[in-house]
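Single-letter residue listing:
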Amino acid sequence: MKLTEPETKGELDESQIHNVLRNERRRETIRYLRETGDSLAVDDLAEHIATVETGESPPPRNVRKSVYVSLHQTHLPKLDDLGIVEYDQQSKELTLEDQARQVEVYMEVVPEHDVSWATYYLGLGLLEFVVLFAAKLNLFSIRMLDFEFWTWFFLTFFLVSAVYHIYNGQERSLF
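Notes on the structure in this doc start here. Computed from a predicted model, the values in this text were never measured in an experiment. (Residues numbered from 1 in each chain as written. Predicted model: local features only at pLDDT ≥ 70, side-chain atom pairs only at ≥ 80, totals over all residues. Heavy atoms only, no water.)

Some words on the pairing of strand S2 (residues 85-88)
Link 1 in the chain: Of the two faces of S2, only the one carrying Val-85 and Tyr-87 is buried; Glu-86 and Asp-88 on the other face are not.
Link 2 in the chain: Sheet analysis places S2 next to strand S3 (residues 93-96), joined by four bridges and oriented antiparallel. What sits directly across from Asp-88, in S3, is Glu-93.
Link 3 in the chain: Once S2 ends, the chain turns through four residues before running back antiparallel as S3, passing Lys-92 with a positive phi of about 60 degrees. (Buried < 20%, exposed > 50% of the residue type's maximum accessible area, 1.4 Å probe, protein only. Helix = DSSP H or I, 4+ residues; strand = E, 2+ residues; numbered from the N terminus. Pairing = 2+ DSSP bridges.)

Focus: the pairing of S3
Link 1 in the chain: Of the two faces of S3, the one lined by Leu-94 and Leu-96 is fully buried and the one lined by Glu-93 and Thr-95 carries no buried residue.
Link 2 in the chain: Two elements, strand S1 (residues 40-41) and S3, share two bridges in a ladder whose sense is antiparallel. The residue bridging Ala-41 from the neighbouring strand is Glu-93, located in S3.

A word on the pattern of salt bridges
Link 1 in the chain: In total, this model carries six salt bridges according to the counting rule given.
Link 2 in the chain: Each member of the salt-bridge network shares a partner with another, and the members are Glu-24, Arg-27, Glu-28 and Arg-31. (Salt bridge = Lys/Arg side-chain N within 4 Å of Asp/Glu carboxyl O.)

What to know about helix H2 (residues 24-36)
Note that an α-helix has 3.6 residues per turn; residues three or four places apart therefore point the same way.
Link 1 in the chain: The end-to-end C-alpha separation of H2 is 18 Å, in line with the 18 Å expected for 13 residues at 1.5 Å each.
Link 2 in the chain: Of the residues making up H2, those classed as buried are Arg-25, Arg-26, Glu-28, Thr-29, Ile-30, Tyr-32 and Leu-33.
Link 3 in the chain: Two or three places before Arg-25, at the start of H2, stands the capping residue Asn-23, its side-chain oxygen 2.8 Å from that residue's backbone nitrogen.
Link 4 in the chain: In the segment just after H2, Gly-37 is the residue with positive phi, at about 85 degrees. (Expected span 1.5 Å × (residues − 1). Polar contact = N/O pair within 3.5 Å; in protein donor to acceptor, adjacent residues only side chain to side chain.)

Focus: a nonpolar patch on the surface
Link 1 in the chain: Residues Phe-129, Val-130, Phe-133, Leu-137, Leu-139 and Phe-140 make up a contiguous nonpolar surface patch of about 670 Å² in total accessible area.
Link 2 in the chain: In this structure Val-130 comes out as exposed when scored by relative accessible area, which is 51%. (Patch = residues over 30% accessible without salt bridge, like charges linked within 9 Å, V, L, I, M, F, W, Y side chains within 5 Å. Areas by Shrake-Rupley, 256 points an atom, 1.4 Å probe, with all protein chains shown as cover.)

Details of the packing of aromatic side chains
Link 1 in the chain: Following the criterion strictly, the structure yields nine aromatic pairs and no others.
Link 2 in the chain: With a centroid separation of 5.1 Å and an interplanar angle of 85 degrees, the aromatic rings of Phe-153 and Phe-154 are classed as edge-to-face.
Link 3 in the chain: Phe-153 sits in the partly exposed class, given a relative accessible area of 34%.
Link 4 in the chain: Members of the aromatic cluster, each reached through a chain of ring pairs, are Phe-149, Trp-150, Phe-153, Phe-154 and Phe-157. (Phe/Tyr/Trp six-rings, centres within 6.5 Å; stacked < 30°, edge-to-face > 60°.)

Some points on the environment of Glu-86
Link 1 in the chain: Within the fold, Glu-86 resides in strand S2.
Link 2 in the chain: Once the C-alpha coordinates of Glu-86 and Ser-39 are considered, the two residues, 47 residues apart in sequence, prove to be 9.2 Å apart.
Link 3 in the chain: Beyond its immediate stretch of four places on either side in the chain, Glu-86 contacts Asp-80, Glu-93, Leu-94, Thr-95 and Glu-97. (Contact = heavy atoms within 4.5 Å.)

Listed below in structure tokens is the structure:
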């Protein structure tokens, strides 16, 4: 049950999104809710975040309690007001709302040595263009296999990549 009216009913503006993403606990809440898929107890979320923050499993009780209090008093009400999560303060349960998609677009952070899917598809498309162009002009002995072979090869590669990407939809990076 919401204690206050939501601040927004439609699109979140950039300042609201950046305000949400400014805090690691809010980012981790959205990430973890996306991973778990269904509703989640605040206790379980606090346990998860405390484990992430300390690197200890189980995390120390005082850290778990501190995380729980900050989630309950600050972070979850803020996410609830913006329509990103639905936080029932009576049952201490939360679920991810559709508004979260607007925030997740900004959360695609790829670790330093990983390749994002967007970069992967761009690279694959550029490689295809170069190979097909070379095959058409009979450059670099690529013509040994005909133009149709390369077309089907790259089409298959794109389809397999897309199926893998969809199947692993939670992944933000290739590796």
